[in-house]
Amino acid sequence: MKTILVWLARLGMAGLFLFSAWTKLVDPSAFATATANYRLAPDGMVTLIAVFLPWLEVWCGVALLAAPPFRRSAWWVLTVMMVVFTIAKASALARGLDISCGCYGVERPMTWASVGENLLLLAACVFGLAMEKR
Amino acid sequence: MYAHMKKAQTTQPCSRTTLAGAGCLLAATLVSGIIHHVISPDAVRLDRAWSEGVLDDVRAEGFPVITTRDLRTRLPEVESGTLFLLDARSLAEFDTGHLPFAFPVPIMEFEEHYPGLAPILEAETPIITYCSNPACDQALLLARRLRDAGHTDVSVYVEGLNAWRKGETP
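Residues numbered from 1 in each chain as written. Chains lettered and ligands numbered in written order. Predicted model: local features only at pLDDT ≥ 70, side-chain atom pairs only at ≥ 80, totals over all residues. Heavy atoms only, no water.

Chemist: I tried to follow the interface of chain B and chain A on my own but got confused; where do I start?
Modeler: Accessible area lost upon the coming together of the parts is a frequently used measure of interface size. Tallying the contact residues gives 43 residues for chain B and 36 residues for chain A. Together chain B and chain A conceal approximately 3,100 Å² of surface at their shared face, both sides included; 66% is due to carbon and sulfur atoms. Linking chain B with chain A are one salt bridge. A salt bridge links Arg39(A) to Glu93(B); its shortest N-O distance comes to 2.6 Å. (Contact = heavy atoms within 4.5 Å. Buried area = accessible area lost by both parts, 1.4 Å probe. Salt bridge = Lys/Arg side-chain N within 4 Å of Asp/Glu carboxyl O.)

So this is what it looks like as structure tokens:
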């Protein structure tokens, strides 16, 4: 049962992050704009995030489905990413910013529900990290 | 001895193997990002600030760019109601400060706010949109929506409210 749950977490998160990366890679400008709209990173950093973050998501997605040592590394990186994303969303809401969340290529307003989604994904990452064999 | 070492390794939250794996992921990310950046014509350019991209988009789409000086010169038109300033940021941000005589039209709530202004905005009425700074794109998005709604004289104040406020400081 535990093995099935771990595989479900791996497949789910790998699929989600590969899809998320794809939406960013097909429209890099839209992703850079969405990042800039959060007003958390300076201009130069926005460019770096736009260029490299989608590829980090790709490699984490691939690593979750790869050999065990890489899976654990991927869970660590994804957990850190989810913490950062969740803080960024909560911060945007707290500052009253009227922006799109910039997630999964869909234009939708930022709400506390999207912060809740992130917390669920973060819980999945922590679960995967805890269950993955060292 | 070996069992003891293995136990110590497994109780560490982040082992050397995990760190090495994370290093590999970061290296692969770096290489892929650079290759994609080099070969893709749509990639975000690393050799310039992102805000220049917003300005380029505004120009590429044919919207006139209004400078702080232009806006200062045209302020009497705004005051007389022959030129409209539309703030594309959220209502919460608008409430903390905005350009003189500006109307709020938050881009994410365009459908709710635009109908209220539509009766006083004719197709040829000059309109200037703005947001906070050159890196935000809400002013450009609002300009697009207005053009789609049939407005023919839409300009964008790309420098935004922050530049206006700096200009006000003696």
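Chemist: For this particular structure, what's the right way to read helix H6 (residues 110-117) of chain B?
Modeler: Because each turn of an α-helix spans 3.6 residues, side chains separated by three or four positions end up pointing in the same direction. Residue and element names in this part refer to chain B. Among all positions in H6, only Phe110, Tyr114 and Leu117 are buried. Buried residues of H6, viewed axially, fall in a sector of 60°; they line one side. Summarising the geometry of H6, the exposed residues directed more than 90 degrees from the buried face are Glu111, Glu112 and Gly116. (Buried < 20%, exposed > 50% of the residue type's maximum accessible area, 1.4 Å probe, protein only. Helix = DSSP H or I, 4+ residues; strand = E, 2+ residues; numbered from the N terminus. Arc of directions from axis to C-beta.)

Chemist: So what exactly am I meant to see when it comes to the sheet that holds strand S3 (residues 127-130) of chain B here?
Modeler: Pairing between the strands of a sheet is mediated by backbone hydrogen bonds and can be parallel or antiparallel. Residue and element names in this part refer to chain B. Sheet architecture is open: four strands sit in the order S2-S1-S3-S4, paired in parallel fashion. Since the sheet does not close on itself, it has two edges, and those belong to strand S2 (103-104) and strand S4 (154-157), each with one partner. Strand direction decides the pairing type here: strand S1 (residues 84-87) and S2, joined by two bridges, are parallel. The residue of S2 that forms the bridge with aspartate 87 is proline 104. (Pairing = 2+ DSSP bridges.)

Chemist: Just checking my understanding: could you explain the nonpolar core for this structure?
Modeler: The tendency in soluble globular proteins is for nonpolar side chains to be buried side by side. If you look at the biggest cluster of nonpolar residues, it comprises 30 residues, and the most contacted ones within it are Met13(A), Cys60(A), Leu64(A), Trp75(A), Val77(A), Leu78(A) and Met81(A). Contributions of two or more residues to this core are made by helix H1 (2-26), helix H2 (28-37), helix H3 (43-64), helix H4 (68-94) and helix H5 (112-131) of chain A together with helix H2 (16-39) of chain B. Of all the elements, H3(A) adds the most residues to this core, at nine residues. Setting aside its immediate chain neighbours within four residues, Trp75(A) contacts Ala9(A), Arg10(A), Met13(A), Leu64(A), Ala124(A), Cys125(A), Gly128(A), Leu129(A) and Glu132(A). Leu86(B), Ala88(B), Val105(B) and Val158(B) belong to the second largest nonpolar core, which has 22 residues in total. (Core = buried A, V, L, I, M, F, W, Y, C linked by side-chain atoms within 4.5 Å.)

Chemist: For this particular structure, what's the right way to read the pattern of salt bridges?
Modeler: Two side chains of opposite charge can pair, provided their charged atoms sit close to one another. One pass over the structure, following the stated rule, counts eight salt bridges over all chains. Here Asp87(B) ties to Arg89(B) by a salt bridge, and the two come within 2.7 Å at their closest N and O atoms. Of the residues examined, Arg89(B) reaches a relative accessible area of 4% and is grouped as buried. Here the salt bridges share partners, and the residues they tie into one network are Arg10(A), Arg71(A) and Glu132(A).

Chemist: Mind showing me how you'd approach the confidence of the model for chain B here?
Modeler: A low pLDDT score tells you not to read the predicted coordinates there in detail. Residue and element names in this part refer to chain B. When pLDDT is averaged across chain B, the result is 85; 86% of the residues are at 70 or more. For chain B, the element scoring lowest by mean pLDDT is helix H1 (residues 2-11), at 48; S3 scores highest, at 97. Counted against residues more than four places away or in other chains, residues 4-11, with its pLDDT under 50, gives four contacts. (pLDDT = per-residue confidence, 0-100.)

Chemist: Looking at this model, I keep getting lost on the packing of H1(A) against H3(A). Mind explaining?
Modeler: Two numbers describe a pair of packed helices, the interaxial angle and the distance between the axes. Residue and element names in this part refer to chain A. The geometry of H1 relative to H3 is characterised by a closest axis approach of 8 Å and an angle of 155° between their N-to-C directions. In terms of their interaxial angle, H1 and H3 are classed as roughly antiparallel. Relative to H3, H1 is oriented so that their crossing is left-handed. Across from Arg10, Met13, Ala14, Phe17, Leu18, Ser20, Ala21, Lys24 and Leu25 in H1, the residues of H3 making contact are Pro54, Trp55, Glu57, Val58, Gly61, Val62 and Leu64. (Axes fitted to C-alpha atoms, helices over the stretch in contact; angles between N-to-C directions. Parallel < 35°, antiparallel > 145°, perpendicular 65-115°, else oblique. Left-handed = near helix turned anticlockwise from the far one by under 90°.)

Chemist: What is the right way to look at the environment of His113(B) in this model?
Modeler: Residues and elements named next belong to chain B. With respect to the secondary-structure elements, histidine 113 resides in helix H6. Once the C-alpha coordinates of histidine 113 and phenylalanine 103 are considered, the two residues, 10 residues apart in sequence, prove to be 9.7 Å apart. Residue contacts for histidine 113: discarding those within four places in its chain leaves Leu91, Pro104, Val105 and Pro106.

Chemist: What is the right way to look at H4(A) in this model?
Modeler: In a regular helix each residue adds 1.5 Å, so 27 residues correspond to 39 Å; H4(A) covers 39 Å between its end C-alpha atoms and thus fits that length. One or two positions beyond H4(A), positive phi appears at Gly96(A), with a value near 70°. (Expected span 1.5 Å × (residues − 1).)

Chemist: Can you help me understand a nonpolar patch on the surface in this one?
Modeler: A cluster of nonpolar side chains, contributed by Leu30(B), Val31(B), Ile34(B), Ile35(B), Val38(B) and Ile39(B), occupies part of the molecular surface with about 590 Å² of accessible area. With respect to the element layout, Leu30(B) can be found in helix H2. (Patch = residues over 30% accessible without salt bridge, like charges linked within 9 Å, V, L, I, M, F, W, Y side chains within 5 Å. Areas by Shrake-Rupley, 256 points an atom, 1.4 Å probe, with all protein chains shown as cover.)

Chemist: Whenever I open this one, the side chain of Glu93(B) confuses me. Can you help?
Modeler: Mapping Glu93(B) onto the fold places it in helix H5 (residues 91-95). Here the side chain of Glu93(B) touches Arg39(A) through a polar contact of 2.6 Å, side chain to side chain. Non-local contacts of Glu93(B), meaning those with residues more than four positions away in its chain, are made with Arg39(A), Gly96(A), Leu97(A), Asp98(A) and Ser132(B). (Polar contact = N/O pair within 3.5 Å; in protein donor to acceptor, adjacent residues only side chain to side chain.)

Chemist: Mind showing me how you'd approach the packing of aromatic side chains here?
Modeler: Each aromatic ring pair is described using two quantities: the centre-to-centre distance and the angle formed by the ring planes. Applying the stated criterion to the full structure yields three aromatic pairs over all chains. Here the aromatic rings of Phe19(A) and Trp22(A) are separated by 6.1 Å at their centres, their planes lie at 35°, and the arrangement is tilted. Linking Phe19(A) with Trp22(A), this pair stays in helix H1, spanning three residues, or about one helical turn. Phe19(A) gets classed as partly exposed once you look at its relative accessible area, which sits at 40%. Taking the ring centre of Phe63(B) as reference, the NZ or CZ of Arg147(B) above it sits at 3.8 Å. (Phe/Tyr/Trp six-rings, centres within 6.5 Å; stacked < 30°, edge-to-face > 60°. Lys NZ or Arg CZ within 6 Å of the ring centre and 35° of its normal.)

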